[in-house]
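# Fold and geometry: a report
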Amino acid sequence: MIVLEAVSKSFIQGDESIPALANISLHVKRGECVVLKGPSGSGKSTLLSLIAGLMQPSQGEVRVDGKEISKLPEHFSAAIRRQKIGFIFQKYHLIVHLSVLENVMTPLIPENLPLHVLEMKAKAVMEQCGIAHKAKMRVNRLSGGEQQRVAIARALINDPLIVLADEPTANLDEKLSRALIDELAILKEKGVTLLIATHDPLFFDLGCVDKIIEIHNGEIIV
Ligand SMILES: Nc1ncnc2c1ncn2[C@@H]1O[C@H](COP(=O)(O)OP(=O)(O)OP(=O)(O)O)[C@@H](O)[C@H]1O
Ligand SMILES: [Mg+2]
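An unreviewed UniProt entry lists the protein chain under the name ABC transporter ATP-binding protein YknY, with Sulfurospirillum diekertiae given as the organism.

This paragraph deals with the overall build of the protein chain. Helices and strands together make up the secondary structure of the protein chain, namely six helices and nine strands. Here the C-alpha atoms of the protein chain give a radius of gyration of 17 Å, agreeing with the 17 Å that 2.2 N^0.38 yields for 222 residues. Taking the principal axes of its C-alpha atoms as reference, the protein chain extends roughly 45 × 40 × 35 Å. Taking all 222 residues of the protein chain together, 50% fall into the buried category. Summarising the internal contacts of the protein chain: among those between residues at least 6 apart in sequence, 68% fall at separations of at least 24.

With that settled, consider helix α2 (residues 74-84). Spacing of three or four residues puts side chains on the same side of an α-helix, whose turn is 3.6 residues. For α2, the full list of buried residues reads Ser77, Ala78, Ala79, Ile80, Arg81 and Lys84. Considering only its buried residues, α2 is in contact with β4 (59-64), β5 (85-88) and β6 (162-166).

To continue, consider the coordination of the magnesium ion (ligand 2). The magnesium ion (ligand 2) binds to the protein through Ser45 (OG) and Gln90 (OE1); the donor distances cover 2.0 to 2.2 Å. Of the two residues, Ser45 is situated in helix α1 (residues 44-51) and Gln90 in the loop between β5 and α3 (100-105); the sequence distance between them amounts to 45 residues. For Ser45, a relative accessible area of 26% puts it in the partly exposed group.

Let us now look at the packing of aromatic side chains. For any pair of aromatic rings, the description consists of the separation of the ring centres together with the inter-plane angle of the planes. Tallied over the entire structure, the rule returns one aromatic pair. The side chain of Lys37 reaches across the aromatic face of Phe204, ending 4.4 Å from its centre.

The next subject is the UniProt feature "domain: ABC transporter" (unreviewed entry) in the protein chain. Those places that UniProt annotates as "domain: ABC transporter" (unreviewed entry) correspond, in this numbering, to residues 2-222. The span residues 2-222 is 31% helical and 27% strand by assignment, and the distance between its end C-alpha atoms comes to 19 Å.

Residues in close proximity to ligand 1 total 14 residues, the closest being Ser40, Gly41, Lys44, Thr46 and Gln90. Measuring from an oxygen atom of ligand 1, one finds a backbone N or O atom of Gly41 at 2.8 Å. Between ligand 1 and Gly43 there is a distance of 3.0 Å, counted from an oxygen atom to a backbone nitrogen or oxygen. Sorting elements by how many residues they give to the shell around ligand 1 places α1 first, with three residues.

Counting 41 residues, the largest nonpolar core has Val100, Val104, Val150, Leu194 and Ile196 as its most contacted members. Of all the secondary-structure elements, those providing two or more residues to this core are β3 (33-37), α3, α4 (115-128), α5 (144-156), β6, α6 (174-189) and β7 (193-197). The greatest single-element share of this core, amounting to six residues, is contributed by α5. With residues near it in sequence (within four places) discarded, Val100 still touches Met126, Ile131, Lys134, Ala135, Met137, Val139, Leu142 and Val150. Leu4, Val34, Leu47 and Ile69 belong to the second-largest nonpolar core, a separate cluster that totals 27 residues.

Our next topic: the environment of Lys71. Within the secondary structure layout, Lys71 lies in the loop between β4 and α2. For Lys71, a relative accessible area of 59% gives the class exposed. Sequence spacing of Lys71 and Cys33 is 38 residues, and the spatial spacing of their C-alpha atoms is 25 Å. Engagement of the side chain of Lys71 in a polar contact is seen with the side chain of Glu68, the distance being 2.9 Å.

Okay, the sheet that holds strand β2 (residues 16-28) next. Taken in spatial order, the three strands line up as β2-β1-β4 in an open sheet, and their pairing is antiparallel. Edge strands, defined here as strands with exactly one partner in the open sheet, are β2 and β4. For this sheet the average axis-to-axis angle between neighbouring strands, irrespective of direction, equals 30°. Looking at chain direction, strand β1 (residues 2-13) and β2 are connected through nine bridges and run antiparallel. Looking across to β2, one finds that Gln13 is bridged to Glu16.

Rules behind the numbers
Residues numbered from 1 in each chain as written. Chains lettered and ligands numbered in written order. Predicted model: local features only at pLDDT ≥ 70, side-chain atom pairs only at ≥ 80, totals over all residues. Heavy atoms only, no water. Helix = DSSP H or I, 4+ residues; strand = E, 2+ residues; numbered from the N terminus. Rg over C-alpha atoms; globule rule 2.2 N^0.38 Å. Buried < 20%, exposed > 50% of the residue type's maximum accessible area, 1.4 Å probe, protein only. Contact = heavy atoms within 4.5 Å. Donors = N, O, S within 2.8 Å, 3.2 Å for Na, K, Ca; no water. Phe/Tyr/Trp six-rings, centres within 6.5 Å; stacked < 30°, edge-to-face > 60°. Lys NZ or Arg CZ within 6 Å of the ring centre and 35° of its normal. UniProt positions renumbered as here; feature names shortened; annotations may be inferred. Near = heavy atom within 4 Å. Polar contact = N/O pair within 3.5 Å; in protein donor to acceptor, adjacent residues only side chain to side chain. Core = buried A, V, L, I, M, F, W, Y, C linked by side-chain atoms within 4.5 Å. Pairing = 2+ DSSP bridges. Axes fitted to C-alpha atoms, helices over the stretch in contact; angles between N-to-C directions.

What follows is the structure, given as structure tokens:
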């Protein structure tokens, strides 16, 4: 489902090249749940962004569900993201002046669904994520943990085949973290492929996790 072949990524700043990932090869099968662990700055978010086609590798190939997302023009990679991927961003990337409900609905707006269908889908994922009671609130009035739950609901509204979660429990207390883990386990049972970047030890001993991959300084440790 997710294949990376000899992927490297460097960021260019001025005349400096900052290496973030070096020669990463990784296969995540359909329906697998893989945890990506590693210290801050090791390249976890960069790796997830490459898989989502949000940035291109400097070298190598990234394939998602058989398509080489790393070579597609932006409007094609955006369509793959919209149809197949739920991305829970580390920094949420919510639209601050919109309500919870509006934020959760945004990924489906290009699909031109009737408003009542959009609202019904949004309500279902908001319930699932325990944030439905704040539906009308502007997201900039919410706590960090509440914003995180909005970000999770938004990632699930398109019924994704793949969920990429970047530190999804960073702002949740233990009870909410466990509730999120239960949700992720349910997604796995439904056949969703999960890749979770985290340092949260709660993820390191879970029955639903098939594989833990460790990354240090942009390289996978075997
Ligand atoms: N847009 C960018 N421009 C320049 N350097 C970047 C950029 N994005 C990431 N980096 C660098 O790439 C390296 C990997 O960053 P990344 O955010 O992937 O790490 P991470 O493992 O997700 O860290 P954290 O656990 O703190 O979220 C870091 O050294 C970072 O400074
Ligand atoms: Mg990160």
